[in-house]
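Take a look at the letters that make up each chain.
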Protein chains: 4
Amino acid sequence: MKNALLTLIFLVIFSGGIFAQESKVSETLKVKSEILRMDRNFSVYLPPGYEANDRAYPVLYLLHGSGDDHTGWIQFGQVQHIADRVIAEGKAAPMIIVMPDANEPVRGYFNVPDGSYAYEDFFFKELIPHVEKTFRVRSDRRYRAVSGLSMGGGGTIYYALRHPDMFAAAAPMSATTSAWLRGEHKASEQQVDAFRKAYNLEAILNSASEQQMEAFKRIRWYITCGDDDFLYKDNSEMHILFRSKNIPHEYRVKDGGHTWSYWRMELAEALEFLSKSFTQF
Amino acid sequence: MKNALLTLIFLVIFSGGIFAQESKVSETLKVKSEILRMDRNFSVYLPPGYEANDRAYPVLYLLHGSGDDHTGWIQFGQVQHIADRVIAEGKAAPMIIVMPDANEPVRGYFNVPDGSYAYEDFFFKELIPHVEKTFRVRSDRRYRAVSGLSMGGGGTIYYALRHPDMFAAAAPMSATTSAWLRGEHKASEQQVDAFRKAYNLEAILNSASEQQMEAFKRIRWYITCGDDDFLYKDNSEMHILFRSKNIPHEYRVKDGGHTWSYWRMELAEALEFLSKSFTQF
Amino acid sequence: MKNALLTLIFLVIFSGGIFAQESKVSETLKVKSEILRMDRNFSVYLPPGYEANDRAYPVLYLLHGSGDDHTGWIQFGQVQHIADRVIAEGKAAPMIIVMPDANEPVRGYFNVPDGSYAYEDFFFKELIPHVEKTFRVRSDRRYRAVSGLSMGGGGTIYYALRHPDMFAAAAPMSATTSAWLRGEHKASEQQVDAFRKAYNLEAILNSASEQQMEAFKRIRWYITCGDDDFLYKDNSEMHILFRSKNIPHEYRVKDGGHTWSYWRMELAEALEFLSKSFTQF
Amino acid sequence: MKNALLTLIFLVIFSGGIFAQESKVSETLKVKSEILRMDRNFSVYLPPGYEANDRAYPVLYLLHGSGDDHTGWIQFGQVQHIADRVIAEGKAAPMIIVMPDANEPVRGYFNVPDGSYAYEDFFFKELIPHVEKTFRVRSDRRYRAVSGLSMGGGGTIYYALRHPDMFAAAAPMSATTSAWLRGEHKASEQQVDAFRKAYNLEAILNSASEQQMEAFKRIRWYITCGDDDFLYKDNSEMHILFRSKNIPHEYRVKDGGHTWSYWRMELAEALEFLSKSFTQF
């Protein structure tokens, strides 16, 4: 009888660990940015098991589109339901998903060329270090990926190409491949010119050194865009460009437009694809 | 015996963690109403993950029919089982479901025209603010929906038409489209006349400004009524009226009467339909 | 050894019967009509087993819409595939399906009131007798049903109401409930007036004797029309009228328009529904 | 022994009836061509039911690629297995599939500009009429489709664009969009120039009259090419061109190369897509 009770106790103790493996979304986290001179919002998805275990996890930076903020992937993208599902199915490894806010006051993921607002600097010099200090993240390149939709697809492409040492894999969805300058700015002609070359696919690939090209090819790419998307041309041409430059990539065109139903469908695919980098296939 | 108690203690401690991601129904909540000069009951369904995460959720106001109260959808409607299921299947986004009591002392969702009882005022000025203060609710119009059956279907229709800036979507089931005056009242002829125009589908649509019509069309509608329902005429005519006024809507007539088996079937459909507003399709 | 061979022979003989039970469509049959003074085309679906057995079968008259002819249900309606399927699933009894041509020279299923063209007379006095002489058809009312789409849905309604002793069940789909006079005619005012009353739902039901009403109620009705169909009003009003007159009927409104995808979906439902008359539930 | 023979005789007699509703592939049919001054091979797939019924069927012309002949789709493409399956699943309507040989002596589907070899003339003036005389084919445009892979994808594109009155739908797979001149020829510069314009996508679309553009848009298009296909550029550019000219089309890029596994996968999709033209959706 005593043994039976002990068994029960053990069962309960251990099943506590077993069944407590639910994922957790934190929607309203903040990181203090000295570069941007403000607090920036971001959200985090912690995978099932995060609280019960003490192991470290790979991390995906998942970028929202224009008009949304850090909560877009949570509410419209249903990231928790989808990540839970593909992880439960064994199609993706448990990973941490970080969703930063790039909405206000200047929409976008890049540095404004007049130096007034440096989001890209914030992202690499403040956000990533903050994430890696705050959560149990594996910080090697091979455990870090980036994805995003539309404007965030553009962020994905240029973050990966400009920082290839930082990402093992990149999954731009319905990406805009042009980085445009918004509103008024005080940048010099030279600065604007540099900006246009720094965020132009063809310019980057044409001027890349052999070593850079090797770095671009080391990144695993998953590119997707619906056949009814208004950005069909950006993506078709990116496929042509990558093929012509022999940059290995997966490219998908499925039925759909510039819509959340397309991105939810492709988020599942992207998590599965990116995860292969984390588990070495 | 001592061990058994320890076991129980462990069970309680760990099951807290274990079941944190289950949905939760609170049946006997109260909100203090100064407008109605009483405490009003309401029930709430909190989706799986509500306690474990800190994110905010969309909200559905789900209205009971005549003769029921705020517990009707819980007991007869099996709202927890059905919402859990469609959420688990990925057909609906996690949402909070609020079920207010509109039973005693005056049955119904509208203001009695003699000013003695103003339930509609209570709903918009006290209940919704209370809900949004108490729970992690996304309070933009695009994250708020209304549904209900029979008398609550009528509530759904007139809440949506009279407050179109408040709801992204509306799903009246087996609705009564006429708002009737009950029992004795002290309303003037003028007040009664105004009441009859304010709660009359045809009158509302015929007298609507272009701007109001646009607002009606922005609402996503799901209208359903069984072919054996005694309210077949209200709903057939509403379909005709909405078609003739070019108000986009989904309309379904399935096999069934004015019964809970019909509403349980349609609750699943409604949750899926309404959720599309919350996730941008 | 000899016995083994005999066994084989028997097997072959009997399996010939067993496996030969495929359905058969004849697309280009003709019936000589003295009433119409021409040969009329019709098509026939013979159910699996028709050739192998000597039993008689129930019969469904399936009417095409305006602009089609007797081959519409075969090519667009995929009647063979759908009937084969619901019969194989045990949802419908094997039945013969007759698809007459009502296209040229005068489109429609009724008698032109000036007496120049009497399709309805042809249908009941020549086509049905020809079918029952040519195929192994059970000729009792209880084994005969009628269905059709659009203009053929109107044919279904008025054939059933004007000849209730002929049909056990009727399934109008996306029916037009108004029988209109086409082109020029030489009918007197009186004849036109009589025509308008004879093919007007409300007039028929309002002027029906008690005995006629009983006959209408004995027919089993399945009425269906998509919520996006331009004929939404005809069908919504027919539902209201039948309910108000207490004529039992199944009524369905599903997602869809005036399209073949709607009719193929509903053909399967109609075959199952009509078949219940043939098998006594 | 005698019994064994009897058994065999019975088997033959009855199995004729038994298997009558199976599909049938004829691989080695011939049509006499006066235009090409030779007999040309072609293969035909007759759908299940063809022999048992007397109805007419829609027809798909399915073109092989360079290096194959009329048997390619049968042996490598597994057309019988795949068509049987999608028809049995109700995803495609029964149809006749004609697979002509365009291999020897001059590979390709077009007229050689020096007039020495006029395959395109043969196809439209001799093959199609022969097929429609020999088999129970519905000969209206709405019942005729064309598809093909690689060189046959190019044949599909230009047959559809140059004869839009002949095809309801077109499904080029992994198409080469350039029609090249092979080997030696005696064509004048003018003839070559005309050939290059007649078989150049951009030239055709840029010089099309409004009426021609309408005809191109009336065709239902399904375009597909794997992301690893060496013809990625032809197809990406065709998508861009069709989008920019507002020609409605479905476009798919799936994982795969210029391989039969890709075409078998897409044949099933194409049959389902093309069939929608035959059944009016």
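Residues numbered from 1 in each chain as written. Chains lettered and ligands numbered in written order. Predicted model: local features only at pLDDT ≥ 70, side-chain atom pairs only at ≥ 80, totals over all residues. Heavy atoms only, no water.

Helix and strand content of chain A: 10 helices and 8 strands. By the compact-globule yardstick of 19 Å for 281 residues, chain A fits well, its C-alpha radius of gyration being 20 Å. Seen through its C-alpha atoms, chain A measures out along the principal axes to roughly 85 × 40 × 35 Å. Expressed as a percentage of its 281 residues, the buried residues of chain A come to 59%. (Helix = DSSP H or I, 4+ residues; strand = E, 2+ residues; numbered from the N terminus. Rg over C-alpha atoms; globule rule 2.2 N^0.38 Å. Buried < 20%, exposed > 50% of the residue type's maximum accessible area, 1.4 Å probe, protein only.)

On the surface, Glu202 and Glu237 of chain A together with Glu202 and Glu237 of chain D cluster together into a patch of negative charge. By secondary structure assignment, the location of Glu202 of chain D is in helix α7 (residues 201–206). Judged by relative accessible area, Glu202 of chain D falls into the partly exposed class, the value being 47%. (Patch = residues over 30% accessible without salt bridge, like charges linked within 9 Å, V, L, I, M, F, W, Y side chains within 5 Å. Areas by Shrake-Rupley, 256 points an atom, 1.4 Å probe, with all protein chains shown as cover. Salt bridge = Lys/Arg side-chain N within 4 Å of Asp/Glu carboxyl O. Lys, Arg positive; Asp, Glu negative; His and termini not counted. Charge placed at Lys NZ, Arg CZ, Asp CG, Glu CD.)

Packed helices, taken two at a time, are described by their axes: the angle between them and the distance between them. Residue and element names in this part refer to chain C. Look at helix α3 (residues 79–88) against helix α10 (residues 260–278): their axes get within 10 Å of each other, and the N-to-C directions meet at 40 degrees. Here α3 is positioned oblique relative to α10, judged by the angle of their axes. In terms of crossing hand, the pair formed by α3 and α10 is right-handed. Contact with α3, carried on its side by Val79, Ile82, Ala83, Arg85 and Val86, involves Arg264, Leu267, Ala268 and Leu271 of α10 and no other residues of that element. (Axes fitted to C-alpha atoms, helices over the stretch in contact; angles between N-to-C directions. Parallel < 35°, antiparallel > 145°, perpendicular 65-115°, else oblique. Left-handed = near helix turned anticlockwise from the far one by under 90°. Contact = heavy atoms within 4.5 Å.)

The strands that make up a sheet are held in pairs by hydrogen bonds between backbone atoms, and each pair lies either parallel or antiparallel. Residue and element names in this part refer to chain C. Taken together, the 8 strands give an open sheet; going across it, the order is β1-β2-β4-β3-β5-β6-β7-β8, and neighbouring strands pair in mixed fashion. The open sheet is flanked by β1 (24–33) and β8 (250–252), the only strands paired with a single partner. Averaged over all pairs of adjacent strands, the angle between their axes in this sheet comes to 20 degrees, without regard to strand direction. As paired elements, strand β3 (residues 59–63) and strand β4 (residues 96–100) share 3 bridges and run parallel to each other. Its bridge partner lying in β4, Tyr61 is registered against Val98. Sheet contacts for helix α4 (residues 119–134): β1, β2 (38–46), β3, β4 and β5 (144–149); angle to β1, the most-contacted strand, approximately 120 degrees. (Pairing = 2+ DSSP bridges.)

This model, assessed by the stated rule, comprises 46 salt bridges over all chains. Among the salt bridges present, the one from Glu266 of chain A reaches Lys254 of chain A, with a minimum N-O distance of 2.9 Å. Here Glu266 of chain A is found in helix α10 (residues 260–278), whereas its partner Lys254 of chain A is found in the loop between β8 (250–252) and α10, with 12 residues between them in sequence. With relative accessibility at 0%, the residue Glu266 of chain A sits in the buried group. With a closest N to O distance of 2.9 Å, Arg144 of chain B and Glu132 of chain B form a salt bridge. Here Arg144 of chain B, found in strand β5 (residues 144–149), pairs with Glu132 of chain B, found in helix α4 (residues 119–134); they are 12 residues apart in sequence, far enough to count as distant. Connected through salt bridges with shared partners, the residues Asp227 and Asp255 of chain A together with Glu250 and Arg252 of chain D form a single ionic network.

In this section: the pairing of strand β2 (residues 38–46) of chain A. Residue and element names in this part refer to chain A. Note: strand β1 (residues 24–33) against β2, 8 bridges, orientation antiparallel. The residue of β2 that forms the bridge with Val25 is Tyr45. Once β1 ends, the chain turns through 4 residues before running back antiparallel as β2, passing Arg37 with a positive phi of about 55 degrees. Of the strand pairs in this sheet, β2 and strand β4 (residues 96–100) are connected by 4 bridges, and their pairing is antiparallel. Across the sheet, Ser43 pairs through a bridge with Met99, a residue of β4.

What follows concerns the packing of aromatic side chains. Counting across every chain of the model gives 82 aromatic pairs over all chains. A centroid spacing of 5.7 Å and a plane angle of 35 degrees characterise the contact between Tyr50 of chain A and Tyr57 of chain A, whose relative ring orientation is tilted. Side by side, Tyr50 of chain A and Tyr57 of chain A carry an identical accessibility label, which is buried. When the ring of Phe124 of chain D is compared with that of Tyr159 of chain D, the centres are 4.9 Å apart and the planes differ by 65 degrees; the resulting orientation is edge-to-face. Highlighted residues: Phe124 of chain D in helix α4 (residues 119–134) and Tyr159 of chain D in helix α5 (residues 151–162), separated in sequence by 35 residues. Here the two residues Phe124 of chain D and Tyr159 of chain D agree in accessibility, since each one is buried. The ring of Tyr57 of chain D has Arg55 of chain D lying over it, and the distance from NZ or CZ to the ring centre is 4.2 Å. Lying over the aromatic face of Tyr143 of chain D, Arg138 of chain D brings its terminal NZ or CZ to 5.4 Å of the ring centre. (Phe/Tyr/Trp six-rings, centres within 6.5 Å; stacked < 30°, edge-to-face > 60°. Lys NZ or Arg CZ within 6 Å of the ring centre and 35° of its normal.)

This brings us to the nonpolar core. In terms of nonpolar packing, the biggest core is built from 111 residues, with Ile96, Phe123 and Trp221 of chain A together with Ile96 and Phe123 of chain D touching the most fellow members. By size, the runner-up hydrophobic cluster in this structure holds 110 residues, among which are Val137 and Met213 of chain B together with Val59 and Tyr158 of chain C. (Core = buried A, V, L, I, M, F, W, Y, C linked by side-chain atoms within 4.5 Å.)

Another point: helix α9 (residues 232–244) of chain D. Taking 1.5 Å of rise per residue, 13 residues should cover 18 Å, and α9 of chain D covers 18 Å from first to last C-alpha, within 8% of that figure. Along α9 of chain D, the positions that sit buried rather than exposed are Tyr232, Asp234, Asn235, Ser236, Met238, His239, Ile240, Leu241 and Phe242 of chain D. Looking at the buried residues of α9 of chain D, the elements they touch are α9 (232–244) of chain A together with α5, β6 (169–173), α7, β7 (220–224) and β8 (250–252) of chain D. Asn246 of chain D lies just past α9 of chain D and shows a positive phi near 55 degrees. (Expected span 1.5 Å × (residues − 1).)

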